[in-house]
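So the chains spell out like this:
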Amino acid sequence: MTDSLETIQNDTKQCEQDEQHIDPWTVKGSSKGFDYLKLLTQFGTKPITPELIERIERATNMRVHRLLRRGIFFSQQYLEDFLTHYESGKQCFLYTGRGPSSSALHLGHMIPFEFTKYLQDAFGCILVVQMSDDEKFYFKGGKLDDYINYGKENALDIISVGFNPEKTYIFSNFNEIARGNSGLWRNFVEMSENTPVNRVRSMFGLNEMSITTDENGNTKPSAEPCSVGMLAWPVFQSIPCLASSFQFIFGSDPDNDTKIFNFVPMAVDQSPYFRMMNDYCGHKKIFKPAQIHSEFLIGLGGKNSKMSSTESIQPIFLTDTEEEIRQKIRVCFSGGRDTKREHLELGADLTIDVPYQWLLVFMESDEELEEIAKKYGPPNSNGDVKMMSSDIKKILTDVILKYVKEHQEKRNAITEEVFDHYFNPNRYFNLERPTREPLEPLSNEEYQKQGCNFDRYFGLYKTN
Ligand code: TRP
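Cut-offs used in this document
Residues numbered from 1 in each chain as written. Predicted model: local features only at pLDDT ≥ 70, side-chain atom pairs only at ≥ 80, totals over all residues. Heavy atoms only, no water. Near = heavy atom within 4 Å. Polar contact = N/O pair within 3.5 Å; in protein donor to acceptor, adjacent residues only side chain to side chain. Areas by Shrake-Rupley, 256 points an atom, 1.4 Å probe, with all protein chains shown as cover. Helix = DSSP H or I, 4+ residues; strand = E, 2+ residues; numbered from the N terminus. Nonpolar A, V, L, I, M, F, W, Y, C, P; charged D, E, K, R; others polar. Core = buried A, V, L, I, M, F, W, Y, C linked by side-chain atoms within 4.5 Å. Buried < 20%, exposed > 50% of the residue type's maximum accessible area, 1.4 Å probe, protein only. Contact = heavy atoms within 4.5 Å. Phe/Tyr/Trp six-rings, centres within 6.5 Å; stacked < 30°, edge-to-face > 60°. Pairing = 2+ DSSP bridges. Axes fitted to C-alpha atoms, helices over the stretch in contact; angles between N-to-C directions. Right-handed = clockwise from strand over helix to strand, strands pointing away. Expected span 1.5 Å × (residues − 1). Arc of directions from axis to C-beta. Parallel < 35°, antiparallel > 145°, perpendicular 65-115°, else oblique.

## Observations concerning the site of the ligand
Around the ligand, 14 residues are found, and the nearest of them are Y95, Q130, E135, Q237 and Q270. G99 has a polar backbone atom sitting 3.0 Å from an oxygen atom of the ligand. In isolation the ligand offers 370 Å² of accessible surface; the protein chains occlude 90% of this area. Looking at the shell around the ligand, the elements with two or more residues in it are β5 (92–98), α7 (133–140) and β10 (261–267). If you tally residues by element for the shell around the ligand, the top one is β5, at four residues. Class assignment of the residues belonging to the shell around the ligand gives a composition of four nonpolar, seven polar and three charged.

As structure tokens, then:
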């Protein structure tokens, strides 16, 4: 494992201009977009198989989230071990986080959280959310208090997702240590003692040079020296995987880290942290966290970048007005053809069409999606091309407007009391697992179409 990671670092450094580069600081696809299958081999993780999906449904008595069904969460590590632990009725918890680099979240930021909400409902377990204000201060500079405040702003958006108030703890990293969470601090000290600087350097590309932020808010290597804070940071993102970091939730049993299994949902660029955690857990002989990784939401400008504020078309922010959203979608990159005649003859190229790719993420119903693919994509046995770019953009606009409107309503309804509750360590945490009516499993044939086997284009691009 270690070797292959070192190789990745070298590979990515030497990579040609047109190769993809994915780490916590840089996310760039090749001109063909992102190659996620390549990441499975590079990172040594496993795909989300139909068998795994079936097992999750049996264990939770709940249908899996569309992002799992469609293979957008595409990669995992130690998920089987997590399920074995969970199936035997033992204690588990979820961990994810957010780096509060600005007050505005965009739609791409919501994907891991929406998915995490499903996981919390399905597994009925505790969730801890790290607001890494310190991280953004180390890497972006400026004023520490600004990041602490962005953390509060962002937490409102996260709370709006609807996490169970009895089972969710949100914390500012800075304040968590300041208030004296000794379990978390002890884990920081113990893991720091055990983690070689060279390991952090090679895994995260933090060499003598540091990472800075350009005028667009994009992080990139600079000639500035790498700071102690930057080098220390990866340990801090890793330790909330341990139940012993949250003794006020899970109690102070010294064996908790071999009794309580952690599961981390994240976008795939965050995975290096948890591979580093695997080394430490191996050394301490405690549970390695299960991980699940998502693809990125592509930018409105096209397939080879994730949505970010450095793009030519600005992301859709959760604070955008209806008119702003309509305008951004109106101009987004389309896989439709240049002339109407050509379009009717060939259909859109769905593989590069931003509205279609977004509907894959945001539209709930597979049936509706299939219908759109067949009307808008290449002509097929079911008929001719019946849909233009403007039609699919209209469908996407409706879906996104609904999403953002509902989000804004939920956000506005959060009272100060509710907000404080999520951050309060001194209150009741519900560790009980809910019981649910048994769920009728789907047929094997149905499962075989899901996860890594999900056909995003409903047979339209199959040669046989
Ligand atoms: N580093 C992440 C970011 O920049 C934030 C984060 C902190 C996180 N802890 C995490 C993400 C755990 C996933 C899982 O946004």
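Next, the rest of the story.
## Examining the nonpolar core
F82, L107, F123, Y356, W358 and I400 are the most contacted members of the largest nonpolar core, which has 80 residues in total. Contact partners of F123, with chain neighbours within four places excluded, come to I56, T60, F82, L83, Y86, F263 and R433. One finds C226, C241, F250 and M276 within the second-largest nonpolar core, a separate group that totals 39 residues.

## Topic: the packing of aromatic side chains
For any pair of aromatic rings, the description consists of the separation of the ring centres together with the inter-plane angle of the planes. In total, this model carries 34 aromatic pairs according to the counting rule given. Their ring planes at 10 degrees and their centres at 6.4 Å tell us that F82 and Y86 sit as a pair that is stacked. Note that F82 and Y86 are positioned in helix α5 (residues 79–87) at a spacing of four residues, about one turn of the helix. Accessibility classification places F82 together with Y86 in one group, the buried group.

## Thoughts on the sheet that holds strand β3 (residues 46–47)
With respect to topology, seven strands assemble into an open sheet ordered β3-β4-β11-β10-β5-β6-β7, the strand pairing being mixed. Whereas interior strands pair on both sides, the edge strands pair on one side only; in this sheet they are β3 and β7 (168–172). Contacting β3, β4 (73–77), β5, β10 and β11 (290–294), α5 runs over the sheet at an angle of about 140 degrees to β10. Relative to strand β6 (residues 126–131), helix α8 (residues 144–160) is tilted by about 150 degrees, and along the sheet it contacts β5, β6 and β7.

## A word on the environment of R456
Position of R456 relative to the elements: it lies in the segment after α21 (444–448). Assessed through its relative accessible area of 18%, R456 is described here as buried. Residues R456 and N198, spaced 258 residues apart in sequence, show a C-alpha to C-alpha distance of 41 Å.

## A look at the pairing of β6
Remark: a regular strand shows side chains that alternate across the two faces of the sheet. Across the six residues that make up β6, a large majority, six, are buried. Alternating positions in β6 separate into two faces, I126, V128 and Q130 on one and L127, V129 and M131 on the other, with burial throughout. The handedness of the β5 to β6 crossover, carried by helix α6 (residues 107–123), is right-handed. As paired elements, β6 and β7 share five bridges and run parallel to each other. Pairing of V128 across the sheet is with Y169, part of β7.

## Regarding helix α10 (residues 182–194)
The end-to-end C-alpha separation of α10 is 18 Å, in line with the 18 Å expected for 13 residues at 1.5 Å each. Within the span of α10, buried status applies to G183, L184, N187, F188 and M191. In an axial view of α10, the angular spread of the buried residues amounts to 140 degrees, which keeps them on one side of the axis. Exposed and oriented more than 90 degrees from the buried face of α10 are S182, R186 and E193. The inward-facing, buried residues of α10 contact β7, α9 (173–178), α12 (228–238), α13 (247–250) and α14 (271–284).

## Focus on the packing of α6 against helix α19 (residues 389–412)
Between α6 and α19, whose axes approach to 13 Å, the crossing angle comes to 70 degrees. When the interaxial angle is binned, α6 and α19 end up roughly perpendicular. Every residue of α19 that contacts α6 at L107, M110 and E114 is listed here: I400, Y403, V404 and H407. Considered class by class, the residues forming the contact of α6 with α19 number five nonpolar, one polar and one charged.

Everything listed here is a matter of geometry and, on its own, says nothing about what the molecule does.
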